[in-house]
Every structure is written in C-alpha cells, then in structure tokens.
Amino acid sequence: MLPNTGKLAGCTVFITGASRGIGKAIALKAAKDGANIVIAAKTTQAHPKLPGTIYTAAEEIEAAGGKALPCAVDVRDEQQINNAVEKAVEQFGAYTIAKYGMSMCVLGMAEEFKGEIAVNALWPKTAIHTAAMDMLGGSGIESQCRKVDIIADAAYSIFKKPKSFTGNFIIDENILREEGVKNFDVYAIKPGHPLLPDFFLDEHPDTIIKKVESRGAVLELKEEKPQPPPKPRSGAVEETFRIVKDSLTDDVVKATQAIYQFELSGEDGGMWFLDLKSKGGNVGYGEPSHQADVVMSMSTDDFVKMFSGKLKPTMAFMSGKLKIKGNMALAIKLEKLMNQMNARL
C-alpha cells in the first residue's frame, strides 16, 4: 500500500457519505496526514444493519491524527449542503479538496473551475466490499471483492496531484499502477480468489469472466423448492420469451453454456427458464429440467425492461430491483446476450 507522506496536513477534505464504507476509508487515509475532515452524511443514529454514524466516524478520524467536523447532510437538500460548507469554512477555512457523487458533470465543472479547483472522477475496477454490497450481494459475496483501502489509496494519489490534473475519469487500479503499486493481493478480501468486475463499468472484459469461471466463483444457491406459481397469462413476459427463443442459435448456446431461472413477481409472473446448455437452447414456463446455474428474482415490469435494454442488469442489481443467486460470471454473460437481443425487443 502507499506510504503516508503527510502531504495533506492542513488541507480540508469535504466528504459526503463518510460515516462508513468507501467515504470513511478515504477520510481515515487523509486523517493520517493530519488533514481536516468534514463528515457530511445522513446517519446521526446507529442503524440496525449498517454500522457507523457521523459521530463514530469523527472519533476514528481524530484517533488517526486528523481533525473532524461531523455534519448531518442529505445531499438531496441544497440548504443542508450549504450549511455544511459554511460550517467547514468557519471551522477550518476554505477547503481545497472535495469528493462528491460520480457524475458526468465532472467535465463541465473541470472546465468551469480550471485553475481553481481540480475535478476528477474515481471508480473501482472491481467490486468493493461494503455494507451495501453485503445487503445486495448476499452471503459469500465478500470473497469476490476488494477492501475499501484501494479506493482510499487511489483517492490519496489524486489528492497529491496539482490542480492542473483535472477532468479525468480514473480507475483505482490504473492510477495505483502508475504510482508503482504491483501487489494488488493486499487489497483483496480473499487473496487469490477471482474478483467481480465493478457493476457500473460499461465493459466486463472476457479475461475477467474466464478467470472467474476457471476458479468456480459461485454464490450459494438455496436448495428449497419454490411454491408452484399460478398459471401465466399471455402478455409482455411471454412475448419477450418468444422473441428470446427465436433469437437462440447453436453458437449462442455453445458460447454461454448456462441455465437461467427467473422468479418473476407481478402480472404474468411465476417461474420461467432460459436453457442455454441443451442443443439449440430452450425457454419455457416452470422450472428447468436441470438445476439452474443462475437464479434471478425481479418484477415482470423490470424483466421486460431489462431484456429490451431499458434497464441495465447491473444497475437493477445494485439498486435492489434484481436479486441474483448462483454463478455471477454466467450472469454477466447473460447481460452480453441481452445487449445482442435489444434491437429485436
């Protein structure tokens, strides 16, 4: 990991979402240099499932060597943001570094504030283990993730750069390689285990998928049998599966080699399957003839949107609209197949 050089001593870092996870990791990294940290987050009282509040984070920051200013802030409320900034200026003076939510506004702000404030976007190459990931990914997901430390170190690398370094979209691993980091196993929750690519990156390299498959990265599938669903009515779901079936070829089946099961709620819902292992492939209502490699649970509306390209599976997964059990690498393969079908749906 990167050494602490004290370059942020005296700087003020305004961090949204610093009460836990990635935000707190960045805060603690900067605090070791003696930085002033404004903790702008919503959590003022302990949550039963999510650890940490702005006050417990402040204690950790002070213990690490920094100075902390906890501010209750909902980033959707402009007045709360303004109040927090005013408090920061009052206590620490003008702040020189800011971390906000990811946005395409980066390029516009970088140009608008050129020479005054550097504006850059940072994103992870792989999934990062946080409380949110545990809630969305389920049991076993942590072994396929990296620690929040990699984001903290990458952010620190950006903080050290001059204001002329602006308007960049940066991947954590790439900037750390430029810093000379070679051993990334230190960031893995389970060193040597295959890692999930980050859900919001537009591309998932085939090399990553093959690596995941070769190691057999599989989340635990529940063994209990679901209750028989009601008989489906004709509608958008059935029409979607009809078009999917017409799109199947031996090449698609050969390239995928997986069975997908869909547990759909809402009108025209129930249990459906997509068999891309059997010769020629098959789709149908009910359970597949062999155990599914991936089980996806969602509403019928989201299912139709997903296959028609109006809802990205990764976005649906991270927002909780889609729940996945099984082989995540094969789930990624299905997303690529959907992209090929979008024009017909």
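First things first, this report covers the structure right here in the doc. (Residues numbered from 1 in each chain as written. Predicted model: local features only at pLDDT ≥ 70, side-chain atom pairs only at ≥ 80, totals over all residues. Heavy atoms only, no water.)

### Focus on the packing of aromatic side chains
Okay, step 1: Applying the stated criterion to the full structure yields 8 aromatic pairs.
Okay, step 2: A ring pair is formed by phenylalanine 184 and tyrosine 187, whose centres lie 6.1 Å apart and whose planes are at 40°; its orientation type is tilted.
Okay, step 3: Centroid distance phenylalanine 303 to phenylalanine 307: 4.8 Å. Interplanar angle 45°. Geometry classified as tilted. Of this pair, phenylalanine 303 and phenylalanine 307 are both found in helix H11 (residues 300–307), 4 residues apart, which corresponds to roughly one turn of the helix.
Okay, step 4: Under the relative-accessibility criterion, phenylalanine 303 is labelled buried at 0%.
Okay, step 5: The class for phenylalanine 307 is buried, based on a relative accessible area of 1%.
Okay, step 6: Put simply, the rings of Phe241, Phe262, Trp272, Tyr285, Phe303 and Phe307 pair up and form one aromatic cluster.
Okay, step 7: Between lysine 29 and the ring centre of tyrosine 156, over which it is positioned, the NZ or CZ distance is 5.2 Å.
Okay, step 8: Above the plane of the ring of phenylalanine 165 lies lysine 161, whose end atom (NZ or CZ) is 5.0 Å from the centre. (Phe/Tyr/Trp six-rings, centres within 6.5 Å; stacked < 30°, edge-to-face > 60°. Helix = DSSP H or I, 4+ residues; strand = E, 2+ residues; numbered from the N terminus. Buried < 20%, exposed > 50% of the residue type's maximum accessible area, 1.4 Å probe, protein only. Lys NZ or Arg CZ within 6 Å of the ring centre and 35° of its normal.)

### As for the environment of serine 265
Okay, step 1: Relative to the helices and strands, serine 265 is located in strand E7 (residues 258–265).
Okay, step 2: Its relative accessible area of 44% is what places serine 265 among the partly exposed residues.
Okay, step 3: The spacing of serine 265 and threonine 300 is 35 residues in sequence and 5.9 Å in space, taken between C-alpha atoms.

### What to know about the pairing of E7
Okay, step 1: E7 sits mainly inside the fold: 6 of its 8 residues count as buried.
Okay, step 2: Where E7 folds back on strand E8 (residues 270–276), the antiparallel hairpin that results is connected by 4 residues, among which glycine 266 adopts a positive phi of roughly 105°.
Okay, step 3: Here E7 runs beside strand E10 (residues 294–299); their pairing, made up of 6 bridges, is parallel. Counted as the bridge partner of tyrosine 260 is valine 294 from E10. (Pairing = 2+ DSSP bridges.)

### What about the sheet that holds strand E9 (residues 282–285)?
Okay, step 1: Pairing in this open sheet of 5 strands is mixed, and the strands run E9-E8-E7-E10-E11 from one edge to the other. Both outer strands of the open sheet, E9 and strand E11 (323–326), are each paired with one neighbouring strand and no more. Direction aside, neighbouring strands of the sheet carry axes that sit 15° apart on average.
Okay, step 2: Here helix H9 (residues 236–247) sits on the sheet in contact with E7, E8 and E9, set at roughly 5° to E8.
Okay, step 3: Contacts between H11 and the sheet are confined to E7 and E10, with E10 contributing the most and set at about 115° to the helix. (Axes fitted to C-alpha atoms, helices over the stretch in contact; angles between N-to-C directions. Contact = heavy atoms within 4.5 Å.)

### Points about the pattern of salt bridges
Okay, step 1: Counted according to the given criterion, the structure contains 10 salt bridges.
Okay, step 2: Put simply, arginine 177 and glutamate 173 hold a salt bridge, and the shortest N to O gap is 2.8 Å. Here arginine 177 and its partner glutamate 173 are both found in helix H7 (residues 172–178), 4 residues apart, which amounts to about one turn of the helix.
Okay, step 3: Here arginine 177 falls in the partly exposed class, since its relative accessible area comes to 46%.
Okay, step 4: Because the salt bridges share partners, they merge into one network encompassing Lys125, Arg146, Glu173 and Arg177. (Salt bridge = Lys/Arg side-chain N within 4 Å of Asp/Glu carboxyl O.)

### Let's talk about the packing of helix H1 (residues 21–31) against helix H2 (residues 54–64)
Okay, step 1: The interhelical angle for the contact between H1 and H2, taken along N-to-C directions, is 25°, at an axis separation of 8 Å. Here H1 lies roughly parallel to H2, going by the angle between them. At the point where H1 passes H2, the crossing takes the right-handed sense. Residues Lys24, Ala27, Leu28 and Ala31 of H1 form the contact with H2, whose participating residues are Ala57, Glu60, Ile61 and Ala64.
Okay, step 2: Its residues placed into classes, the contact of H1 with H2 shows 6 nonpolar, no polar and 2 charged. (Parallel < 35°, antiparallel > 145°, perpendicular 65-115°, else oblique. Left-handed = near helix turned anticlockwise from the far one by under 90°. Nonpolar A, V, L, I, M, F, W, Y, C, P; charged D, E, K, R; others polar.)

### As for the pairing of E9
Okay, step 1: Pairing between E8 and E9: 4 bridges, direction antiparallel. Looking across to E9, one finds that tryptophan 272 is bridged to tyrosine 285.
Okay, step 2: Between E8 and E9, which pair antiparallel in sequence order, lie 5 residues; one of them, glycine 280, sits at a positive phi of approximately 80°.

### Observations regarding H11
Okay, step 1: Those residues of H11 lying buried are Thr300, Asp302, Phe303, Met306 and Phe307. In an axial view of H11, the angular spread of the buried residues amounts to 160°, which keeps them on one side of the axis. (Arc of directions from axis to C-beta.)

### Examining the side chain of aspartate 74
Okay, step 1: Take aspartate 74: it is sitting in the loop between strand E3 (67–72) and helix H3 (78–92).
Okay, step 2: Apart from residues no more than four positions distant in its own chain, aspartate 74 is found in contact with Lys42, Gln80 and Ile81.

### Looking at H3
Okay, step 1: Helix length check: H3, at 15 residues, gives a terminal C-alpha distance of 21 Å against a target of 21 Å (1.5 Å per residue), a fit within 8%.
Okay, step 2: Buried residues of H3: Ala84, Ala88 and Phe92, and no others. One side of H3 holds all its buried residues, which, seen down the axis, span an arc of 40°. H3 presents Glu78, Glu86 and Glu90 as exposed residues on the side facing more than 90 degrees away from its buried surface.
Okay, step 3: Of the surrounding secondary structure, the elements contacted by the buried residues of H3 are strand E1 (12–16), strand E2 (36–41) and E3.
Okay, step 4: Looking at where H3 begins, the residue whose side-chain oxygen comes 3.0 Å from the main-chain nitrogen of glutamine 79 is aspartate 77.
Okay, step 5: In the segment just after H3, glycine 93 is the residue with positive phi, at about 90°. (Expected span 1.5 Å × (residues − 1). Polar contact = N/O pair within 3.5 Å; in protein donor to acceptor, adjacent residues only side chain to side chain.)

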